[in-house]
Amino acid sequence: MIKSHVELRDAIDRAVAKTKITDVHTHLYNPKFGDMLLWGVDELVTYHYLIAEVFRHVDISYDDFWAMDKEGQSDLIWQKLFIENSPYSESCRGVLTVLNKLGLDVKKDGLREYREYFKSKTVEEYVDLVFEMSGVKDVIMTNDPFDEEERAVWLGGYERDDRFKAALRIDPLLNGGEEILKQLQGWGYDVIDQLDKKMYSEIRRFLTEWVERMDALYMAVSLPPTFEFPEDSMRARLIENCVLPVCRELNIPFAMMIGVKKLINPDLQLAGDSVGKSSIDTVEYLCANYPKNKFMVTMLVRENQHELSVAARKFRNLLVFGCWWFLNNPSLVEEMTRMRFELLGTSVVPQHSDARVLDQLIYKWEHSKRIIADVLYDKYKDILDTGWDLTQEDIQRDVDKLFGKSFWEFLDRDFK
Ligand code: FIX
Ligand code: ZN
């Protein structure tokens, strides 16, 4: 039995430190995908978050920046964001956390030295090291069958690694308009000039085949702030007639990542997306009208967070996950985590990393685990002070859920 606040803090820190994590959304790849898996200091420093930030300090043209090689871009970013300014933004801080955790001497003139360190590592060794160091047990990738490079790996005898689980990403299908039908037709799905019924069954066949090929844990899409359902649009018709029936039949969640305003500054490429407030009514409608479907939802704007947590209180088929992208900053992670623990207890996935560079697992989880532990301390202290009995096993059980078990249990649920 935990008897004091000191014992409580120690019990939480032990559980958070040792519990292995399922990272439910990343852009990482099993090394079998070759160069699609990004790792090492220059990928870390040229992460699109830092590219957005460096343009606030330089007058060069976007084209001149994009014409630089990776090391050239990295040198410029290092000089501007780490030498000429203190690197306390979350994206810059993350780079320092990784270097520090790797045992490297974090210093202003260290870039060349760091490059030597990474040259001494094979990708396989480094994957093992990062998973061990970050406490991540497995990651769910973002797998896009419309990406030719990725498609070739899946169709070319892909060799699985259980630490890299799959999610079927269908943005091109749902956000690509009629164009995408030509691509499906070319792959042997008879969708062009068909009656709707035939077209939908062929798209369901496409989705089913790829979920099964990938052993995808869920189907995912990112959606604009204007996303509405029901709606007289191809996207809504495909969700209604293809996505939801296949997800129901295979009992996998449909993960909606809502609130992205794509490429408001196209010159920034991947760094050019922004945010917009979305309608929680659409989430509520889908959860209410498709009670046998399971929905994972993360929303990109701070203003949607409270209503999303309340919606999850109303619908057991809704699982809220992560502090996504522009929300993955300590001030907002803390605000959201407190609110979610107060409204949802353990039935939430408080964080995902969204890592695009393998090394980021180290910092994204180090930073988030610290905040989650702090919030848990306050929540447990409140109930301990009422006289509630609390044990280390209770805390370990809860942290297991927050770090993945709630997600895995949600995958197993089958609403009749
Ligand atoms: O749609 C997504 O999966 C987003 O997370 C990405 O498009 C985004 O670029 C990102 O990596 C944010 O962290
Ligand atoms: Zn993502």
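Remember, it's a predicted structure, so these values are computed and weren't measured experimentally.

A. The arrangement of the overall build of the chain in detail. When its secondary structure is counted, the chain shows 18 helices and 10 strands. By the compact-globule yardstick of 22 Å for 416 residues, the chain fits well, its C-alpha radius of gyration being 22 Å. C-alpha atoms of the chain, sized along the principal axes, occupy 65 × 60 × 40 Å. In the chain, which comprises 416 residues, the proportion classed as buried is 57%. Taking the intrachain contacts of the chain between residues at least 6 apart in sequence as the baseline, contacts between residues at least 24 apart amount to 77%. When the accessible surface of the chain is split by element, carbon and sulfur atoms take 49% of a total near 18000 Å². Mean positive and mean negative side-chain charge positions of the chain (54 and 72 charges, respectively) differ by 4 Å.

B. Spatial organisation of the pattern of salt bridges. Summed over all chains, the structure comprises 35 salt bridges. The closest approach of N and O atoms between D171 and R169, which form a salt bridge, is 2.5 Å. Overall, R169 belongs to the buried group, its relative accessible area being 11%. It is possible to trace a salt-bridge network through shared partners that takes in D42, E71, D75 and R115.

C. Here's a closer look at the pairing of strand β5 (residues 219–223). Of all 5 residues that make up β5, 5 are buried, and the element is covered over most of its length. Neither face of β5 is exposed, since M219, V221 and L223 on one face and A220 and S222 on the opposite face are all buried. Sheet topology places strand β4 (residues 168–169) next to β5; 2 bridges connect them, and they run parallel. Residue pairing for β5: L168 is matched across the bridge by M219. Bridge count for β5 against strand β6 (residues 254–258) is 5 bridges, and the pairing is parallel.

D. Quick peek at the site of ligand 1. The full set of residues close to ligand 1 is H25, H27, Y47, H48, Y49, R169, S222, M257, W324, W325, D354 and R356. At 3.0 Å from an oxygen atom of ligand 1 is found a side-chain nitrogen or oxygen belonging to D354. The separation between an oxygen atom of ligand 1 and a polar side-chain atom of R356 is 2.9 Å. Alone, ligand 1 offers 330 Å² of accessible surface; in the complex the protein occludes 97% of this. Within the shell around ligand 1, the residues separate by chemical class into 5 nonpolar, 4 polar and 3 charged.

E. Broad picture of the environment of M256. One can find M256 in strand β6. Sequence spacing of M256 and E393 is 137 residues, and the spatial spacing of their C-alpha atoms is 34 Å. Once you skip the residues sitting within four places of it in the chain, M256 turns out to touch V221, L223, F227, L286, F295, M296, V297 and T298.

F. Representation of the pairing of β6 within the structure. The element β6 is extensively covered by neighbouring structure, given that 5 of its 5 residues are classed as buried. With burial as the criterion, each face of β6 is covered, one bearing F254, M256 and I258 and the other bearing A255 and M257. Taken together, β5, helix α13 (residues 234–250) and β6 form a β-α-β motif whose crossover is right-handed. Where β6 lies against strand β9 (residues 295–299), 5 bridges are found, and the strand directions are parallel. The residue bridging F254 from the neighbouring strand is F295, located in β9.

G. Representation of the sheet that holds β4 in the model. Sheet architecture is open: 5 strands sit in the order β4-β5-β6-β9-β10, paired in parallel fashion. Two strands in the sheet have a free side with no partner beyond their single neighbour: β4 and β10 (318–320). Helix α14 (residues 280–289) rests against β6, β9 and β10 of the sheet, and its axis sits at about 175° to β9. Against the sheet, helix α15 (residues 305–314) touches β9 and β10, its axis set at about 140° to β10.

H. Representation of helix α8 (residues 123–134) in the model. The end-to-end C-alpha distance of α8, which contains 12 residues, comes to 16 Å, matching closely the 16 Å that a straight helix rising 1.5 Å per residue would cover. V123, Y126, V127, V130, F131 and S134 are the residues of α8 that are buried. Relative to the axis of α8, the buried residues are bounded by an arc of 130° and lie together on one face. Backbone geometry just downstream of α8 places G135 in the positive-phi region, at approximately 80°.

I. Examining the packing of aromatic side chains more closely. Scanning all chains against the criterion turns up 25 aromatic pairs. An angle of 35° between the planes, with centres 5.3 Å apart, marks the rings of W39 and Y126 as tilted. Residue W39 is found in the loop between β1 (21–23) and α2 (41–45), and its partner Y126 is found in helix α8; the two are separated by 87 residues along the sequence. Considering the side-chain rings of F407 and W408, the 5.2 Å spacing of their centres and the 65° angle between planes classify their relative orientation as edge-to-face. Given a relative accessible area of 0%, F407 falls into the buried group. What makes W408 partly exposed here is its relative accessible area of 24%. Sitting over the face of the ring of F131, R163 holds its NZ or CZ atom 5.4 Å from the ring centroid. Positioned above the aromatic ring of W210, the side-chain terminus of R213 is 4.4 Å from the ring centre.

So, how was this worked out
- Residues numbered from 1 in each chain as written.
- Chains lettered and ligands numbered in written order.
- Predicted model: local features only at pLDDT ≥ 70, side-chain atom pairs only at ≥ 80, totals over all residues.
- Heavy atoms only, no water.
- Helix = DSSP H or I, 4+ residues; strand = E, 2+ residues; numbered from the N terminus.
- Rg over C-alpha atoms; globule rule 2.2 N^0.38 Å.
- Buried < 20%, exposed > 50% of the residue type's maximum accessible area, 1.4 Å probe, protein only.
- Contact = heavy atoms within 4.5 Å.
- Areas by Shrake-Rupley, 256 points an atom, 1.4 Å probe, with all protein chains shown as cover.
- Lys, Arg positive; Asp, Glu negative; His and termini not counted.
- Charge placed at Lys NZ, Arg CZ, Asp CG, Glu CD.
- Salt bridge = Lys/Arg side-chain N within 4 Å of Asp/Glu carboxyl O.
- Pairing = 2+ DSSP bridges.
- Near = heavy atom within 4 Å.
- Polar contact = N/O pair within 3.5 Å; in protein donor to acceptor, adjacent residues only side chain to side chain.
- Nonpolar A, V, L, I, M, F, W, Y, C, P; charged D, E, K, R; others polar.
- Right-handed = clockwise from strand over helix to strand, strands pointing away.
- Axes fitted to C-alpha atoms, helices over the stretch in contact; angles between N-to-C directions.
- Expected span 1.5 Å × (residues − 1).
- Arc of directions from axis to C-beta.
- Phe/Tyr/Trp six-rings, centres within 6.5 Å; stacked < 30°, edge-to-face > 60°.
- Lys NZ or Arg CZ within 6 Å of the ring centre and 35° of its normal.

By themselves, these figures tell us nothing about what the structure is for.
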